[in-house]
Amino acid sequence: MNIDDKLATLKYNKDKDSHLTIDNDVCIHCKNRYCTYICPANVYEWNDIKKTMTIRYENCLECGACKIACEKKNITWNYPNAEYGVKFKNG
Ligand code: SF4
Ligand code: SF4
């Protein structure tokens with residue numbers, strides 16, 4: 001089973017507000033943008049033409065890797081509100 005197949009087994013309950021927030025002005029000056037590489041769910045997508053970061057927080061697995069990887073400490077990370085976020089099949 002590949003990663004996409006595994007991700008398809010998860011259930012998500014989307015909150016109306018993101019539990020992940022960034023300052024886009026900081027991202028503009030970020031050299032490496034590690035968040036776009038480390039996230040297993042491809043939550044972060046950089047648009048190099050518009051110079052904006054899209055955050056698909058509804059797909060977040062709540063692993064915390066992006067917060068550690070952001071070298072500018074630009075990710076404010078909270079758990080989703082109760083009853084929202086990812087539900088693991090066997091969790
Ligand atoms: S690693 Fe941090 S500062 Fe860099 S693009 Fe991602 S969120 Fe922005
Ligand atoms: S917590 Fe994990 S899954 Fe969620 S956005 Fe960060 S790296 Fe991606």
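Here the structure is a predicted model, which means the values were calculated and not measured.

## Side note on the site of ligand 1
Thought 1: Within the structure, ligand 1 sits among I22, C27, C30, R33, Y34, C35, M53, C70, K72, N74 and I75.
Thought 2: Here ligand 1 is seated within the largest cavity.
Thought 3: Considering only residue class, the shell around ligand 1 consists of 8 nonpolar, 1 polar and 2 charged.

## Quick word on the pairing of strand β4 (residues 52-55)
Thought 1: Across 4 bridges, the pairing between strand β3 (residues 44-47) and β4 is antiparallel. Paired with Y44 across the strands is I55, a residue of β4.
Thought 2: Linking two consecutive strands that pair antiparallel, namely β3 and β4, is a turn of 4 residues; a positive phi of about 60 degrees is found at K51 within it.

## A word on the side chain of R33
Thought 1: Mapped onto the elements, R33 comes out in the loop between α2 (24-28) and α3 (35-38).
Thought 2: Despite its burial, R33 pairs with no opposite charge, the nearest such side chain being D48 at 4.6 Å.
Thought 3: In this structure the side chain of R33 is engaged in a polar contact, spanning 3.2 Å, whose partner is the backbone oxygen of I28.
Thought 4: Aside from chain neighbours lying at most four places away, what touches R33 is C27, I28, W46 and M53.

## Some remarks on empty space enclosed by the protein
Thought 1: Enumeration over the complete set of coordinates arrives at 3 cavities of 30 Å³ or more.
Thought 2: A volume near 120 Å³ is recorded for the largest cavity.
Thought 3: In this structure, the largest cavity is lined by 13 residues; those nearest its centre are C27, C30, C35, C70 and N74.
Thought 4: Among the residues making up the lining of the largest cavity, the classes are represented as 10 nonpolar, 1 polar and 2 charged.

## Digging into the packing of aromatic side chains
Thought 1: In total, this model carries 1 aromatic pair according to the counting rule given.
Thought 2: Taking the centre distance of 5.0 Å and the plane angle of 85 degrees together, the rings of W77 and Y79 count as edge-to-face.
Thought 3: Here Y79 falls in the exposed class, since its relative accessible area comes to 59%.
Thought 4: The ring of W46 carries R33 above its face, with NZ or CZ at 3.9 Å from the centroid.

Rules and cut-offs
- Residues numbered from 1 in each chain as written.
- Chains lettered and ligands numbered in written order.
- Predicted model: local features only at pLDDT ≥ 70, side-chain atom pairs only at ≥ 80, totals over all residues.
- Heavy atoms only, no water.
- Near = heavy atom within 4 Å.
- 1 Å grid on protein atoms, 1.4 Å probe; cavity = no way out; pocket = protein on both sides within 12 Å on 5 of 7 lines; lining within 4 Å.
- Sits in = over half its atoms within 2 Å of the grid points.
- Nonpolar A, V, L, I, M, F, W, Y, C, P; charged D, E, K, R; others polar.
- Pairing = 2+ DSSP bridges.
- Helix = DSSP H or I, 4+ residues; strand = E, 2+ residues; numbered from the N terminus.
- Buried < 20%, exposed > 50% of the residue type's maximum accessible area, 1.4 Å probe, protein only.
- Lys, Arg positive; Asp, Glu negative; His and termini not counted.
- Salt bridge = Lys/Arg side-chain N within 4 Å of Asp/Glu carboxyl O.
- Polar contact = N/O pair within 3.5 Å; in protein donor to acceptor, adjacent residues only side chain to side chain.
- Contact = heavy atoms within 4.5 Å.
- Points joined across faces, edges and corners; volume = space filled by probe spheres on them.
- Phe/Tyr/Trp six-rings, centres within 6.5 Å; stacked < 30°, edge-to-face > 60°.
- Lys NZ or Arg CZ within 6 Å of the ring centre and 35° of its normal.

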